[in-house]
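# Commentary on secondary and tertiary structure
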Amino acid sequence: MTISKSLYNKLIEIFPLSQSLTDLSHDENNSQNFIESSSLVFNLDRLYTTCHFDNSLSNKRKTPDALFYSDSEDCLYMVEFKSGNFKSNDIRLKVYDAVNALFHFCMAHCIISNTADFLDINIKFCLIFRDEKEYSASFLETLESTLHKNYVKDMEGIIIKKGISRFDPDQIANFIKRATDGQITNIIYHYKDTRSPTSHAA
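My aim in this report is to walk through the structure given alongside it, one point at a time. The shown structure was predicted, so the numbers you read here are calculated from the model rather than taken from an experiment.

Turning our attention to empty space enclosed by the protein. Counted under the stated rule, the structure contains 1 cavity of 30 Å³ or more. Considered as a void within the structure, the largest cavity measures approximately 50 Å³ in volume. As for the largest cavity, its lining consists of Phe15, Pro16, Leu17, Ser18, Gln19, Val41, Phe42, Asn43 and Arg46. Among the elements that take part in the lining of the largest cavity, strand β3 (residues 40-43) stands out by supplying 3 residues, more than any other.

What follows is the structure, given as structure tokens:
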């Protein structure tokens with residue numbers, strides 16, 4: 001069994017899946033759903049409760065919203081859902097804190113014995129974003145490229161193996177299907193404006 005799979009299995013052993021994709025993608029600031037799916041996914045925020053950090057700091061730590069494991073890629077996907085404006089530093093801090101927490105979790109549970117083993121883990125990050133505007137298909141591609149360049153690309157290398165940005169609902173559905181090895185093949189996408197939700201199958 002690979003380190004990535006051992007890590008994910010230990011996470012869901014200690015923290016059994018109990019929250020849906022709908023729950024973890026919910027836009028709390030606007031009290032809106034974002035990605036609707038009843039499938040259970042791992043809440044990455046739960047990680048800090050067992051990583052032996054100072055309890056006084058644990059509520060200050062932030063991580064991306066969800067963690068997926070793809071067996072076919074042997075990859076851990078950290079996923080952050082964002083609506084409207086946000087700061088690039090917030091994204092970077094969440095990814096850094098999550099990677100740091102995963103490292104300490106691995107050490108605490110003897111999944112790895114050294115830093116080099118951890119650096120071999122295939123960890124990727126995906127930013128899934130929406131705002132209030134409606135864009136053409138061609139502009140969506142430009143927007144995804146801009147999001148990648150401005151918010152995730154500079155983390156690629158040591159912190160994460162690869163960064164991904166998704167804005168288009170169909171591309172979001174395709175990503176979620178791939179990252180979950182086909183366990184989630186259909187989502188309902190909720191727009192930030194007054195448009196009705198739409199169903200997207202991958």
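A few words now on the pattern of salt bridges. This model, assessed by the stated rule, comprises 8 salt bridges. Note that aspartate 71 and lysine 5 form a salt bridge whose closest N and O atoms lie 3.3 Å from each other. Here the residue aspartate 71 occupies a position in the loop between β4 (66-70) and β5 (75-83), and lysine 5 occupies one in helix α1 (residues 3-14), the gap between them amounting to 66 residues. A salt bridge links glutamate 73 to lysine 124; the shortest N-O distance between them is 3.6 Å. Here glutamate 73, found in the loop between β4 and β5, pairs with lysine 124, found in strand β6 (residues 123-130); they are 51 residues apart in sequence, far enough to count as distant. Relative accessible area serves as the criterion here: at 24%, glutamate 73 is assigned to the partly exposed category.

What counts and how
Residues numbered from 1 in each chain as written. Predicted model: local features only at pLDDT ≥ 70, side-chain atom pairs only at ≥ 80, totals over all residues. Heavy atoms only, no water. 1 Å grid on protein atoms, 1.4 Å probe; cavity = no way out; pocket = protein on both sides within 12 Å on 5 of 7 lines; lining within 4 Å. Points joined across faces, edges and corners; volume = space filled by probe spheres on them. Helix = DSSP H or I, 4+ residues; strand = E, 2+ residues; numbered from the N terminus. Salt bridge = Lys/Arg side-chain N within 4 Å of Asp/Glu carboxyl O. Buried < 20%, exposed > 50% of the residue type's maximum accessible area, 1.4 Å probe, protein only.

Nothing here speaks to function; it is all geometry.
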